[in-house]
Amino acid sequence: MRRRTARPVPFFEFRGGALHCEGVSLVALANDAGTPLYVYSQSALEDRFRAFDGAFSDFPHLTCYAAKACSSLAILALLHRMGAGIDVVSGGELRRALMAGVDPRKIVFSGVGKSVDEMDLALRHGILQFNAESEAELRLLGERAKMSGMVAPVGLRVNPAVDPQTHPYIATGLEQSKFGVPISAAVPLLRRYSRHRHIRIQGIGCHIGSQITEIGPFVVAARKLKEATAALRATGIEIRQLDLGGGLGIRYDDETPPSPTAYAAAIKSELRDLGCSLILEPGRTLVGDAGIFLTRVLFAKAGQGRNFLIVDGAMNDLVRPSLYGAYHRVLPVVRSRRAAWLVDVVGPVCESSDFLARDRILPRMRAGELLAILSAGAYGFVLSSNYNSRPRAAEILVKGHRFRVIRKRETLPDLVRGESARPFR
Ligand code: LLP
């Protein structure tokens, strides 16, 4: 049971008893754009990017925002305008980045399972780097590059076997993970590919997990990359670039993640004399706090031993609580003096795992009132689905007193687009 009263995150503040995103009232926004709704603060996004990227300003680097955290075109365009590159993991994300006007020479392509079409698309556009994750992928990439008379720039993702002390579903650098090649295999593998005419090995990299709130695992991973770089250089393979992945956590509840400055300082001091430039792939730390999810109460229901606020947002809109048991702070959008009760905030989807928050002390809210689910900017909208044939939410970007719909709410016709109602006779 959580008794502490949740406080808003920066750029989301109470004014006159009602929660605002920058200068825009969330009550007004919800009335205008409907609910459920994702709302992002552009100033928060700018602030987070400046804090992260600025922390590396005295070190050669490129911050490649991990599009998977929130891949809306306006957000990609904003971060790119501020100097970010983009880390993509699919042809779809690559197309989004290109549509948002991202310079392909600032795009890295990560992921364990790239298809031929995805490789060809990325080769055609001349991206900065493929983060290759297996020998089979290197072989195929070499073949595709050869067929189009090109050279594929490659960073090899190694698995440094570091425990990031996070949720097991988002730990990616453990020995048993599907990601990367064992660090001990890097030397023999890259030796075989160092003279390939259509592959240019330019670096190695890793990504050890997400929502990491300790600095230690990052330092251990950086150290292991440094050792691997030395071993590779000893065999004549020039490594000029290290990709450290993403993973820096944010505060959802009472976590105390390192600041971007502390994170950067630890990494820079570990890698200072290596003569490598860095690629960083932050996702959550740039967008997590910059977005909230707004939902409206449909019904209040006192169950047997449990109370429920049934809201119009559900697990299909924000799956993190159902999928990882993730905690998001919840706030009534309008402050209330009504008596509090212990409730679960649940959606209309027909699954018991359809909850947004459990065991919260909230004022007794009534139908039509609004709740804000905080820190929903990362892995929120992007993980939403149409389960129960629910249209996906709209997305709004706020800057100062202005707001803009950056993604329209889906409509029922959108849901059946491309379907046929004709079974076989
Ligand atoms: N680079 C690679 C190769 C990744 O796989 C990821 C995230 C990132 C960068 C960005 O990591 P971040 O800075 O956001 O931690 N859906 C989960 C998180 C999955 C993360 C997957 N990989 C969640 O909602 O917590």
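Keep in mind the model is a prediction, meaning the values are calculated, not measured.

**Considering the domain arrangement of the protein chain**
Domain assignment breaks the protein chain into domain 1 (12–41 + 288–416) and domain 2 (110–282). Contacts between domain 1 and domain 2 engage 10 residues on the former and eight residues on the latter. Both sides together, the interface formed by domain 1 and domain 2 hides about 810 Å², and carbon and sulfur atoms give 55% of it. Taken together, domain 1 and domain 2 are joined by zero salt bridges. At the boundary of domain 1 with domain 2, the tally comes to one residue pair in polar contact (both at pLDDT 80 or more). Residues belonging to the side of domain 1 that touches domain 2 are distributed by class as follows: four nonpolar, three polar and three charged.

**Quick look at unusual backbone geometry**
When glycine is set aside, most residues are seen to have a negative phi, and most peptide bonds are trans. With omega at -5 degrees, the peptide bond leading from Thr35 into Pro36 counts as cis. For Pro36, the location among the structural elements is in the loop between helix H1 (26–33) and strand E4 (37–41). Phi angles above zero are rare outside glycine, and Glu22 is one such case at about 50 degrees. Within the element layout of this structure, Glu22 appears in the loop between strand E2 (18–21) and strand E3 (24–25). Residues other than glycine seldom take positive phi values, yet Asn388 does so here, at roughly 65 degrees. Relative to the helices and strands, Asn388 is located in the loop between strand E19 (370–373) and strand E20 (394–399). On the basis of relative accessible area, Asn388 is assigned to the partly exposed category, the value being 33%.

**Thoughts on the side chain of Arg360**
Note that Arg360 resides in strand E18 (residues 355–363). Buried and unpaired, Arg360 has Asp253 as its nearest opposite-charge partner, separated by 7.3 Å. Looking at Arg360, its side chain comes within polar contact range of the main-chain oxygen of Arg358, at 3.3 Å.

Rules of the game
Residues numbered from 1 in each chain as written. Predicted model: local features only at pLDDT ≥ 70, side-chain atom pairs only at ≥ 80, totals over all residues. Heavy atoms only, no water. Domains from an automatic or database assignment. Contact = heavy atoms within 4.5 Å. Buried area = accessible area lost by both parts, 1.4 Å probe. Salt bridge = Lys/Arg side-chain N within 4 Å of Asp/Glu carboxyl O. Polar contact = N/O pair within 3.5 Å; in protein donor to acceptor, adjacent residues only side chain to side chain. Nonpolar A, V, L, I, M, F, W, Y, C, P; charged D, E, K, R; others polar. Helix = DSSP H or I, 4+ residues; strand = E, 2+ residues; numbered from the N terminus. Buried < 20%, exposed > 50% of the residue type's maximum accessible area, 1.4 Å probe, protein only. Lys, Arg positive; Asp, Glu negative; His and termini not counted.

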